[in-house]
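Inside the fold
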Amino acid sequence: MPIVFIGPMAAGKTKIGRRVARGLNVPFIDTDKRIVESYGPIGEIFAREGEEYFRIIEREAVDWALGEPAVVSLGGGAVLNVDTQSDLENATVVYLSVTTAAVQARLGGGRRPLLAGGITDWERIYNVRRPTYEALATICLDTSNRPISGIADEIVNWVQERNDE
Ligand SMILES: Nc1ncnc2c1ncn2[C@@H]1O[C@H](COP(=O)(O)OP(=O)(O)O)[C@@H](O)[C@H]1O
Ligand SMILES: O=C(O)C1=C[C@@H](OP(=O)(O)O)[C@@H](O)[C@H](O)C1
Ligand SMILES: [Mg+2]
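The name an unreviewed UniProt entry gives the chain is Shikimate kinase, with Cryobacterium suzukii as the organism. What UniProt states about the chain under its Catalytic activity (unreviewed entry) heading is, verbatim, "shikimate + ATP = 3-phosphoshikimate + ADP + H(+)". Per UniProt, the chain has the following entry under Function (unreviewed entry): "Catalyzes the specific phosphorylation of the 3-hydroxyl group of shikimic acid using ATP as a cosubstrate."

In structure tokens, the structure reads:
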């Protein structure tokens, strides 16, 4: 089973996951990137087909990715799917958390359709999902005030130590 990154929007799942994959010398899969390659930009999928449809194609992408020997970064809402929740019980799950204060500087670009209301939406959505992230996590790291490189190095070392046990 792969190493899987979960957590709220802009916690660093995509950026840190990619670095960890490089550090471990294994393939990297970002499920959002796969969806965009097949269906176009996520904002357009939400606008055209709605969130429910996005969650269906997201589950397909997650189902495929979790069968690969890879580091896999999920979108923040992928853990809402109950099949994904049970799949993750058998995976190494890295939960990246971030505080409201720290995430504010990371929400530029406006690419995330669920954040039309900005930080208020981010906080509300995170509060709903937080117990799910906590329940699924093998390890949790707070990314708020640390550089991406240091967090990625810590995770690579942690995985290597686990593999040596
Ligand atoms: N530890 C960090 N410190 C500062 N900025 C970060 C950190 N982690 C991620 N970022 C920035 O936050 C934004 C969102 O990161 P991303 O990896 O796309 O998050 P996610 O995939 O969890 O939504 C990017 O611009 C990224 O450079
Ligand atoms: O939390 C969510 O519901 C979402 C998170 C996004 O991914 P990131 O967590 O990588 O930003 C992306 O999948 C989509 O905009 C929906
Ligand atoms: Mg991402």
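Here the narrative resumes, following the displayed structure.
1. Topic: the environment of glutamate 89
For glutamate 89, the position within the fold is in the loop between helix 5 (82-88) and strand 4 (92-97). For glutamate 89 and glycine 110, which are 21 residues apart along the polypeptide, the C-alpha to C-alpha distance reads 32 Å.

2. With respect to the site of ligand 2
Around ligand 2 lies a shell of 13 residues, among which Lys13, Arg55, Gly76, Arg112 and Arg129 are the nearest. For ligand 2, an oxygen atom lies 2.8 Å from a polar atom in the backbone of glycine 76. Separating an oxygen atom of ligand 2 from a side-chain N or O atom of arginine 112 is a distance of 2.6 Å. Notes on ligand 2: free accessible area 390 Å², of which the protein chains cover 95%. A breakdown of the residues in the shell around ligand 2 according to their chemical character gives 5 nonpolar, 3 polar and 5 charged.

3. Thoughts on the pairing of strand 4
Burial analysis of strand 4 places 6 of its 6 residues in the buried class, the great majority of the element. Pairing analysis gives 4 bridges linking strand 1 (residues 3-6) to strand 4, with the strands arranged parallel. In the sheet register, isoleucine 3 faces strand 4, and the bridge partner there is threonine 92. Bridging between strand 4 and strand 5 (residues 139-142) involves 4 bridges; their strand directions are parallel. Looking across to strand 5, one finds that tyrosine 95 is bridged to cysteine 140.

4. Notes on the site of ligand 1
Lining the immediate environment of ligand 1, one finds 14 residues, of which Ala10, Lys13, Thr14, Lys15 and Arg146 sit closest. Alanine 11 has a polar backbone atom sitting 3.2 Å from an oxygen atom of ligand 1. Within the side chain of arginine 112, one N or O atom sits 3.0 Å away from an oxygen atom of ligand 1. The fraction of the free accessible surface of ligand 1 (560 Å²) that becomes covered by protein chains is 75%. At the level of elements, helix 1 (13-24) and helix 8 (148-164) are the ones that each hand at least two residues to the shell around ligand 1. The element contributing the most residues to the shell around ligand 1 is helix 1, with 3 residues. Here the shell around ligand 1 is composed, by residue class, of 6 nonpolar, 3 polar and 5 charged.

5. A few points about the UniProt feature "binding site: Mg(2+)" (unreviewed entry) in the chain
The UniProt record annotates "binding site: Mg(2+)" (unreviewed entry) at Thr14. Among the secondary structure elements, threonine 14 is positioned in helix 1. Among the residues examined, threonine 14 registers a relative accessible area of 32% and is labelled partly exposed.

Rules of the game
Residues numbered from 1 in each chain as written. Chains lettered and ligands numbered in written order. Predicted model: local features only at pLDDT ≥ 70, side-chain atom pairs only at ≥ 80, totals over all residues. Heavy atoms only, no water. UniProt positions renumbered as here; feature names shortened; annotations may be inferred. Helix = DSSP H or I, 4+ residues; strand = E, 2+ residues; numbered from the N terminus. Near = heavy atom within 4 Å. Polar contact = N/O pair within 3.5 Å; in protein donor to acceptor, adjacent residues only side chain to side chain. Areas by Shrake-Rupley, 256 points an atom, 1.4 Å probe, with all protein chains shown as cover. Nonpolar A, V, L, I, M, F, W, Y, C, P; charged D, E, K, R; others polar. Buried < 20%, exposed > 50% of the residue type's maximum accessible area, 1.4 Å probe, protein only. Pairing = 2+ DSSP bridges.

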